[in-house]
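Observations on the three-dimensional arrangement
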Amino acid sequence: MPTEITSKSNNKLVNIVLFIIVATFIYLAYQWYQSHLGQQAKDKIQIQMLDFDVALAKAQAHDKLILADMSAIWCPTCRKLDSTVFTNDRVKDVIDENFVFARVDYDTEQGQAFAERYRVTGYPVLLIINQEGEKLTRLPLTFDSMEFIGNLNKVLSVQ
């Protein structure tokens, strides 16, 4: 009888371990797939994406505001923003003419510092930051290119 109980306990433990292994594999495969899709969307963007510190220096040198996009490569909402807004030629023209575009990846050390400094939670988050590094406003999230351009023009009209 004791060996039967031990055998059942061992089988239960093996099943739990196998479940954890399979669940971990599925999770990692899903993360990889989402990151792959995110990279594909990011690769289609023609806007120059700069590291935040580089963007800050460029904004100071060219007297422009920074449009900072905090996102995560595996984030489906970020991917949608990339593919519906940031690939639009008119959006690119407005950004190139009036802003310095900074892409801040949430999963980096810089992303964590950025999130803490600007009190960012969630993503994507679009912030307008001046040349001194001060947050001026947070843009509302939209997947409509013309609405996005309108939001950028509102920011420019008060500057």
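The coordinates are above.
Residues numbered from 1 in each chain as written. Predicted model: local features only at pLDDT ≥ 70, side-chain atom pairs only at ≥ 80, totals over all residues. Heavy atoms only, no water.

1. Some remarks on the pattern of salt bridges
- Within this structure, the stated rule accounts for three salt bridges.
- We note a salt bridge from Asp69 to Arg103, for which the minimum N-O separation is 3.4 Å. You can see Asp69 sitting in strand E1 (residues 65–71) and its partner Arg103 sitting in strand E2 (residues 99–105), a full 34 residues away along the chain.
- The exposure class of Arg103 is buried, given its relative accessible area of 11%.
- One connected set of salt bridges, linked through shared partners, spans Asp69, Asp82 and Arg103. (Salt bridge = Lys/Arg side-chain N within 4 Å of Asp/Glu carboxyl O. Helix = DSSP H or I, 4+ residues; strand = E, 2+ residues; numbered from the N terminus. Buried < 20%, exposed > 50% of the residue type's maximum accessible area, 1.4 Å probe, protein only.)

2. A closer look at the side chain of Asn130
- In this fold, Asn130 is placed in the loop between strand E3 (125–129) and strand E4 (135–139).
- Look at Asn130 and you get buried, because its relative accessible area is 8%.
- At 2.8 Å, the side chain of Asn130 and the side chain of Glu134 are in polar contact.
- Those residues within four positions of Asn130 in sequence are excluded, and the remaining contacts are Leu56, Leu65, Ile66 and Leu136. (Polar contact = N/O pair within 3.5 Å; in protein donor to acceptor, adjacent residues only side chain to side chain. Contact = heavy atoms within 4.5 Å.)

3. Some words on the nonpolar core
- Core analysis: the biggest nonpolar cluster contains 19 residues, and Leu67, Phe86, Ile95, Ile128, Leu139, Phe148 and Leu152 have the highest contact counts within it.
- Breaking this core down by element, the ones donating at least two residues are E1, helix H3 (76–86), helix H4 (89–98), E2, E3 and helix H6 (145–157).
- Sorting elements by how many residues they give to this core places H6 first, with four residues.
- Apart from residues no more than four positions distant in its own chain, Ile95 is found in contact with Ile47, Leu67, Phe86, Phe101, Phe148 and Leu152.
- Counting residues in each nonpolar core, the second largest holds 18 residues, with Leu50, Ile66, Ala102 and Ala115 among its members. (Core = buried A, V, L, I, M, F, W, Y, C linked by side-chain atoms within 4.5 Å.)

4. Remarks on empty space enclosed by the protein
- Scanning all chains against the criterion turns up one cavity of 30 Å³ or more.
- In this model, the largest cavity occupies a volume close to 30 Å³.
- What lines the largest cavity is Gly38, Ala72, Ile73, Cys75, Cys78, Arg79, Asp82 and Arg103.
- No other element matches H3, which puts three residues into the lining of the largest cavity. (1 Å grid on protein atoms, 1.4 Å probe; cavity = no way out; pocket = protein on both sides within 12 Å on 5 of 7 lines; lining within 4 Å. Points joined across faces, edges and corners; volume = space filled by probe spheres on them.)

5. What to know about the packing of aromatic side chains
- All chains considered together, the criterion is met by seven aromatic pairs.
- Relative to Tyr123, the ring of Tyr106 lies with its centre 4.7 Å away and its plane at 45°, an arrangement referred to as tilted. With a gap of 17 residues between them, Tyr106 in the loop between E2 and helix H5 (109–117) and Tyr123 in the loop between H5 and E3 connect regions that are remote in the sequence.
- Centroid distance Phe114 to Tyr118: 4.8 Å. Interplanar angle 50°. Geometry classified as tilted.
- Among the aromatic residues, ring-to-ring pairing joins Phe52, Phe114 and Tyr118 into one connected group. (Phe/Tyr/Trp six-rings, centres within 6.5 Å; stacked < 30°, edge-to-face > 60°.)

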